[in-house]
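Commentary on secondary and tertiary structure
Now for the letters of each chain:
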Amino acid sequence: MRQTWQFGDVYGLDPELLNMVPRPVCAVLLLFPVTEKYETFKQEEEEKLKGQPQEVSPDVYFIKQTIGNACGTIGLIHAVANNKAHLEFESDSALKKFLEQTSKMTPEERATFLEKDESIRVTHESSAQEGQTEAPSLDEKVNLHFIAFVNVGGQLYELDGRKPFPIVHGKTSADTFFEDAVNVCKIFMARDPQELRFTLIALSKDSY
C-alpha cells in the first residue's frame, strides 16, 4: 500500500485522544481478548442471527479464518479489501494480487487460497516480527483476536474470520464511521469490564 493511508494506534477513547487520529478513517481494527464471556456471547449472537438473517451487501469482501494465529492477516485483508476504492497499491503488491485472484471466491474458498499463498504469509510473518512483541508461532495458543470494522454501502460491518458471516451494526457514513466503529468497540469492552487488553488501530489518510 502506498504511504497516503496508514495504520496507526488509537491511544484512548476520550474525545481529545480520538481527535488526534488523522481523518478520514476507512477501517478500524480491534484487538481484544477471547474470554469465556465473549465466547458465550458469540454463540448466542450466531444462533440469533441464524434465525433472523441480516441483509449483507454482496460488495462486502469476507474471508474465513482457517489458519491458527492469522487473525492479524485476516483483519488486514478485511480492512484493505473493503476499501480498494480509497487505497493505492504498489504495482508488485502481494496483497493486491491476492485480492484480484480471490475477488469472485466464497469466504471458504478464499481461506483455502490463503492457506496456500506463501507471499501473504511471508509478509504477515515479517510484519509480525517487526512488532514490539514477539509473534506467536502458528500452533501456539493465543487468546487475543483481531477483527475489522468497515463501511460498505453506508452500513457498518464487523468482519471476523471466526464467525460464519459479517455482522451488520447499522447505518454509518464516511463522516461518522470512525465514531460509529469506536462505539461498537466500547460495547466489546463493556462486555468484559475486568479486561484491559483492548487495542484499536485506525486505517486513516496521512495528513502530511
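Residues numbered from 1 in each chain as written. Predicted model: local features only at pLDDT ≥ 70, side-chain atom pairs only at ≥ 80, totals over all residues. Heavy atoms only, no water.

1. What about the overall build of the protein chain?
For the protein chain, the helix and strand inventory stands at seven helices and six strands. Starting at the N terminus and walking to the C terminus, you meet the elements of the protein chain as β-α-β-α-α-α-α-α-β-β-β-α-β. For the protein chain, the proportion of its 208 residues judged to be buried stands at 41%. Partitioning the intrachain contacts of the protein chain with sequence separation of at least 6 by distance along the chain shows that 71% fall at a separation of at least 24. (Helix = DSSP H or I, 4+ residues; strand = E, 2+ residues; numbered from the N terminus. Buried < 20%, exposed > 50% of the residue type's maximum accessible area, 1.4 Å probe, protein only. Contact = heavy atoms within 4.5 Å.)

2. Focus on helix H3 (residues 71-81)
Of all eleven residues in H3, nine are buried, a share of seventy percent or more. Inspection of H3 places Cys71, Thr73, Ile74, Gly75, Ile77, His78, Ala79, Val80 and Ala81 among the buried residues, and these make up the whole buried set.

3. Some thoughts on the sheet that holds strand E4 (residues 155-159)
Taken in spatial order, the six strands make up an open sheet running E1-E6-E2-E3-E4-E5, and their pairing is antiparallel. Looking at the sheet topology across the chains shown, the edges are occupied by strand E1 (5-10) and strand E5 (167-171). Each neighbouring strand pair of the sheet contributes to a mean axis angle of 20 degrees, computed without reference to strand direction. As defined by bridge partners, strand E3 (residues 144-152) adjoins E4 across five bridges and the pair is classed as antiparallel. Opposite Phe149, over in E4, you have Glu158 as the bridge partner. Helix-sheet contacts for H3 involve E1, strand E2 (25-33), E3, E4 and strand E6 (199-205), and the interaxial angle to E3 is about 5 degrees. (Pairing = 2+ DSSP bridges. Axes fitted to C-alpha atoms, helices over the stretch in contact; angles between N-to-C directions.)

4. Side note on the confidence of the model for the protein chain
For the protein chain, per-residue confidence averages 89 on the pLDDT scale, and residues scoring 70 or more make up 87% of the total. In the predicted structure, residues 128-140 sits below a pLDDT of 50 and forms ten contacts with residues beyond four places in sequence or in another chain. (pLDDT = per-residue confidence, 0-100.)

5. Looking at the pattern of salt bridges
Across all of its chains, the model carries seven salt bridges by this definition. Via salt bridges that share partners, Lys42, Glu46 and Lys50 belong to a single interconnected network. (Salt bridge = Lys/Arg side-chain N within 4 Å of Asp/Glu carboxyl O.)

6. Quick notes on unusual backbone geometry
Look at the link from Arg23 to Pro24: it is a cis peptide, with omega at -5 degrees. One can find Pro24 in the loop between helix H1 (15-18) and E2.

7. Topic: the pairing of E2
The element E2 is extensively covered by neighbouring structure, given that nine of its nine residues are classed as buried. Sheet topology note: the E2/E6 ladder contains six bridges and is antiparallel. Its bridge partner being in E6, Leu31 is matched across the sheet by Thr199. Summarising the sheet, E2 and E3 pair through seven bridges and their orientation is antiparallel. When the sheet's bridge partners are listed, Pro33 is paired in E3 with Leu144.

8. Description of the packing of helix H4 (residues 94-102) against helix H5 (residues 107-116)
Two elements in contact, H4 and H5, have axes separated by 10 Å at closest approach and are oriented at 140 degrees. Judged by the inter-axis angle, H4 sits oblique to H5. When the axes of H4 and H5 are compared, the crossing they make is right-handed. Residue-level contacts link Phe98, Gln101 and Thr102 of H4 to Arg110, Phe113 and Leu114 of H5. (Parallel < 35°, antiparallel > 145°, perpendicular 65-115°, else oblique. Left-handed = near helix turned anticlockwise from the far one by under 90°.)

9. Re helix H7 (residues 177-191)
With 15 residues, H7 ought to run about 21 Å at 1.5 Å a step, and its terminal C-alpha atoms sit 22 Å apart, in line with that. Among all positions in H7, only Phe177, Phe178, Asp180, Ala181, Val182, Val184, Cys185 and Phe188 are buried. (Expected span 1.5 Å × (residues − 1).)

10. Side note on the environment of Gly12
As for its placement among the helices and strands, Gly12 is situated in the loop between E1 and H1. The buried category is assigned to Gly12, whose relative accessible area is 15%. Separated by 187 residues in the primary sequence, Gly12 and Thr199 have C-alpha atoms spaced 8.9 Å apart. Beyond its immediate sequence surroundings of up to four residues, Gly12 is in contact with Leu17 and Leu18.

11. Re the nonpolar core
Core analysis: the biggest nonpolar cluster contains 33 residues, and Tyr61, Ile63, Ile77, Phe98, Leu99 and Leu114 have the highest contact counts within it. Breaking this core down by element, the ones donating at least two residues are E2, H3, H4, H5, E3, E4 and E6. Sorting elements by how many residues they give to this core places H3 first, with six residues. In this structure Tyr61 touches Ile77, His78, Ala81, Asn82, Phe98, Leu99, Thr102, Ser103, Arg110 and Leu159, once residues within four positions along its chain are discounted. Membership of the second largest hydrophobic core comes to 21 residues, among which are Val10, Val21, Val25 and Cys185. (Core = buried A, V, L, I, M, F, W, Y, C linked by side-chain atoms within 4.5 Å.)

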